[in-house]
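As a plain string of letters, each chain reads:
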Amino acid sequence: MAHTDPLIDVNRLANTAALPPLPRDFYHRDTLAVARDLLGCRLVRYYEGELMIAKIVETEAYRGSEDSACHAHRRKTPRTEAMFGPPGHAYVYLVYGMHWLLNVVTQPEGNPCAVLIRAVEPVSGEAAMRALRDVKGRNLTNGPGKLTRALRIDKTLYGHDMTQPNALWITAGTPPDAVASGPRVGIDYAQPTDRDAPWRLWSEGNPWVSKTR
DNA sequence: AACACGATCCCCT
DNA sequence: GGGGATCGTGTTA
């Protein structure tokens, strides 16, 4: 399907110079700072000739060995291996047998932290995002499992280097006017201090933010 | 057995 | 159109 969005010049897609990836140093920092600074940035997905762009509006920080909610808090396993690697790579995993969730690895190599992308707002290529299935309105991308489906993100992107303008990366955007925070979603198994930590961040007032349980 | 979730019910405004 | 229950699905520790 050819996109007709006037904001995107098809000729620029080949070199993607207009959408430079955030550099590795961006991710080589405190996880909560990265989670905050990713709000307003744009997730870029190039898949089968389609360019899809979506603004990040909700994130969660997962802070390694000291965070009992983090998958990597005990030891390295085949699943969590990517989190122990260098920052700027994708940590993608399956939950509940059917939903892929996208994280970006942060902090120096060996410190297994990541930021979960929980919700995005379509900016361009929305028709391609909707092509896969019939969903109404904001159900397209207002949750961590919904956005991966819309953007065709699955295990094939496990460990993918997101600092290169290829297949999946993040480019800078406009920070939100206000950032709100609260406890992370779906981590009842964590220690109380971790469970209650306000490490879920979102763009205040943005209607694409996920609905919590 | 539990899981960083979503779709589909049902019922209530 | 929204809150609550329920179940699907396959990987993980």
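Scroll up to find the structure this text is about.
Since this is a predicted model, take the numbers as computed values, not measurements.

Conventions we followed
- Residues numbered from 1 in each chain as written.
- Chains lettered and ligands numbered in written order.
- Predicted model: local features only at pLDDT ≥ 70, side-chain atom pairs only at ≥ 80, totals over all residues.
- Heavy atoms only, no water.
- Helix = DSSP H or I, 4+ residues; strand = E, 2+ residues; numbered from the N terminus.
- Rg over C-alpha atoms; globule rule 2.2 N^0.38 Å.
- Buried < 20%, exposed > 50% of the residue type's maximum accessible area, 1.4 Å probe, protein only.
- Contact = heavy atoms within 4.5 Å.
- Lys, Arg positive; Asp, Glu negative; His and termini not counted.
- Charge placed at Lys NZ, Arg CZ, Asp CG, Glu CD.
- Near = heavy atom within 4 Å.
- Polar contact = N/O pair within 3.5 Å; in protein donor to acceptor, adjacent residues only side chain to side chain.
- Nonpolar A, V, L, I, M, F, W, Y, C, P; charged D, E, K, R; others polar.
- Phe/Tyr/Trp six-rings, centres within 6.5 Å; stacked < 30°, edge-to-face > 60°.
- Lys NZ or Arg CZ within 6 Å of the ring centre and 35° of its normal.
- Pairing = 2+ DSSP bridges.

### What to know about the overall build of chain A
Logical step 1: What chain A contains, in helices and strands, is six helices and eight strands.
Logical step 2: The order of helices and strands in chain A, counted from the N terminus, is α-α-α-β-β-β-β-β-α-α-β-β-α-β.
Logical step 3: In terms of C-alpha radius of gyration, chain A reaches 16 Å, essentially the compact-globule figure of 17 Å for 213 residues.
Logical step 4: With respect to the principal axes defined by its C-alpha atoms, chain A has extents near 50 × 35 × 35 Å.
Logical step 5: For chain A, the proportion of its 213 residues judged to be buried stands at 52%.
Logical step 6: A separation of at least 24 residues holds for 62% of the contacts in chain A among residues at least 6 apart in sequence.
Logical step 7: Measuring between centres, the 26 positive side-chain charges of chain A sit 5 Å from its 23 negative side-chain charges.

### Structural notes on the protein's contact with DNA strand C
Logical step 1: In the vicinity of DNA strand C, the contacting residues are R75, T77, R79, L94, Y96, G97, M98 and H99.
Logical step 2: Put simply, 61% of the atoms of DNA strand C that lie within 4 Å of the protein are in sugar or phosphate.
Logical step 3: Measuring from a phosphate oxygen of DNA strand C, one finds a side-chain N or O atom of T77 at 2.8 Å.
Logical step 4: In the environment of DNA strand C, a base oxygen lies 2.4 Å from a nitrogen or oxygen atom belonging to the backbone of Y96.
Logical step 5: Within the surface near DNA strand C, the residues separate by chemical class into three nonpolar, three polar and two charged.

### Some thoughts on the packing of aromatic side chains
Logical step 1: Per the counting criterion, the structure on display carries three aromatic pairs.
Logical step 2: Geometrically, the ring pair formed by F26 and Y27 is edge-to-face, given 5.1 Å between the ring centres and 80° between the ring planes. Take F26 and Y27: they sit in the same class, and that class is buried.
Logical step 3: Between the aromatic rings of Y91 and Y158, the centroid separation amounts to 6.3 Å while the plane-to-plane angle is 75°, which identifies the pairing as edge-to-face. Of this pair, Y91 sits in strand β3 (residues 90-95) while Y158 sits in the loop between α5 (144-150) and β6 (168-171), and the two are 67 residues apart along the sequence.
Logical step 4: When its relative accessible area of 1% is taken as the criterion, Y91 is described as buried.
Logical step 5: Take Y158: its relative accessible area is 30%, and that puts it in the partly exposed class.
Logical step 6: Pairwise contacts between aromatic rings join Y91, Y93 and Y158 into one cluster.
Logical step 7: The lysine or arginine in question, R200, covers the ring of W202, its NZ or CZ lying 4.3 Å from the ring centre.

### A few points about the pairing of strand β1 (residues 42-47)
Side chains on a regular strand alternate between the two faces of the sheet.
Logical step 1: Relative to strand β2 (residues 50-63), β1 runs antiparallel, the two being bridged by six bridges. Each residue of the ladder has a partner; that of Y46, found in β2, is L51.
Logical step 2: Hairpin connection between β1 and β2: a loop of two residues separates the two successive antiparallel strands, and E48 in this loop has a positive phi of roughly 50°.

### What to know about the environment of K155
Logical step 1: By secondary structure assignment, the location of K155 is in the loop between α5 and β6.
Logical step 2: Given a relative accessible area of 57%, K155 falls into the exposed group.
Logical step 3: Every residue in contact with K155, bar those within four places of it in the chain, is listed here: V92 and W100.

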